[in-house]
Amino acid sequence: MLQALPRGLRSRTGSKFLNPTNVVEDLDIRPGNNILELGMPIGFFAPAMLNKVGESGKVYVAGPNREALSKLAHLASYHQNLVLELLSDLLVGATIRSGDIDIVILTNLLSNTVKPDSFCMAIGQYLKADSEVVLIDWDTKDVNVGPKMEHRVTKEDALKIMNGCGMRFKRILQLPGYHYGMVFSFEPS
């Protein structure tokens, strides 16, 4: 499974970095689910999720530009249920309909967003009422890896941000090393 990832990503799946297969196994992904993956690195969880959604589900990966998405083109050529989407198209509803998504995985978005409290309002339109939102971001315990400390969002602040977007905390994901993870359910207002 890890062989489907680009070489640069494969080298970062050691004991202190996330292993996408292990994280996906800890999520309640079922055949037929539609999943949206947003974040950095782009498409990190896509190969593992494709195995879980089967032929009847879809995995949407949104990226900021075509160059970023091109790194997953080899994977998309083998899987008709992998949809590579420009983030700008996603935000205007070009391919994903309202209420289509069962699970959203947000990776390192809070630490890479200028206004971390504004992005999650935009994804709410795509979620089903019983959707799960998985948030994975850089922990604040090790400053030698990842973004600068002033760009990181603490777990406590992440909880406030997600609660403010209509997300209800469900559980902690046990992640190795440099990241924290939380699972939320979406409660539309």
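Residues numbered from 1 in each chain as written. Predicted model: local features only at pLDDT ≥ 70, side-chain atom pairs only at ≥ 80, totals over all residues. Heavy atoms only, no water.

Trainee: Can you break down the nonpolar core residue by residue, with the values?
Mentor: Where a protein is soluble and globular, its nonpolar side chains tend to be buried together. Core analysis: the largest hydrophobic core is formed by 29 residues, its most contacted members being I29, F45, M49, V59, V61, V134 and I136. Of all the elements in the fold, those that place two or more residues in this core are α2 (20-25), α3 (46-53), β2 (58-63), α4 (66-70), β3 (82-86), β4 (101-107) and β5 (127-138). With sequence-adjacent residues up to four places away left out, V134 is seen in contact with L27, I103, V104, I105, L106, L173, M182 and V183. The next biggest cluster of nonpolar side chains, apart from the first, holds 26 residues, and it includes L36, A62, L127 and Y180. (Core = buried A, V, L, I, M, F, W, Y, C linked by side-chain atoms within 4.5 Å. Buried < 20%, exposed > 50% of the residue type's maximum accessible area, 1.4 Å probe, protein only. Helix = DSSP H or I, 4+ residues; strand = E, 2+ residues; numbered from the N terminus. Contact = heavy atoms within 4.5 Å.)

Trainee: Any details on the pairing of strand β1 (residues 34-39)? Residues and values, ideally.
Mentor: Burial within β1 is extensive, with six of its six residues counted as buried. Of the two faces of β1, the one carrying N34, L36 and L38 and the one carrying I35, E37 and G39 are both buried. As defined by bridge partners, β1 adjoins β2 across five bridges and the pair is classed as parallel. Across the sheet, the residue bridging to I35 is V59, located in β2. Once the chain exits β1 it traverses α3 before rejoining the sheet at β2, and the crossover so formed is right-handed. Relative to β4, β1 is paired through five bridges, and the arrangement is parallel. Note on β4: the bridge partner recorded for L38 is L106. (Pairing = 2+ DSSP bridges. Right-handed = clockwise from strand over helix to strand, strands pointing away.)

Trainee: Describe a nonpolar patch on the surface, with residues and values.
Mentor: Together, L87, L91 and V92 make up a nonpolar patch on the protein surface, roughly 270 Å² of accessible area in all. Looking at the secondary structure, you find L91 in helix α6 (residues 87-91). (Patch = residues over 30% accessible without salt bridge, like charges linked within 9 Å, V, L, I, M, F, W, Y side chains within 5 Å. Areas by Shrake-Rupley, 256 points an atom, 1.4 Å probe, with all protein chains shown as cover. Salt bridge = Lys/Arg side-chain N within 4 Å of Asp/Glu carboxyl O.)

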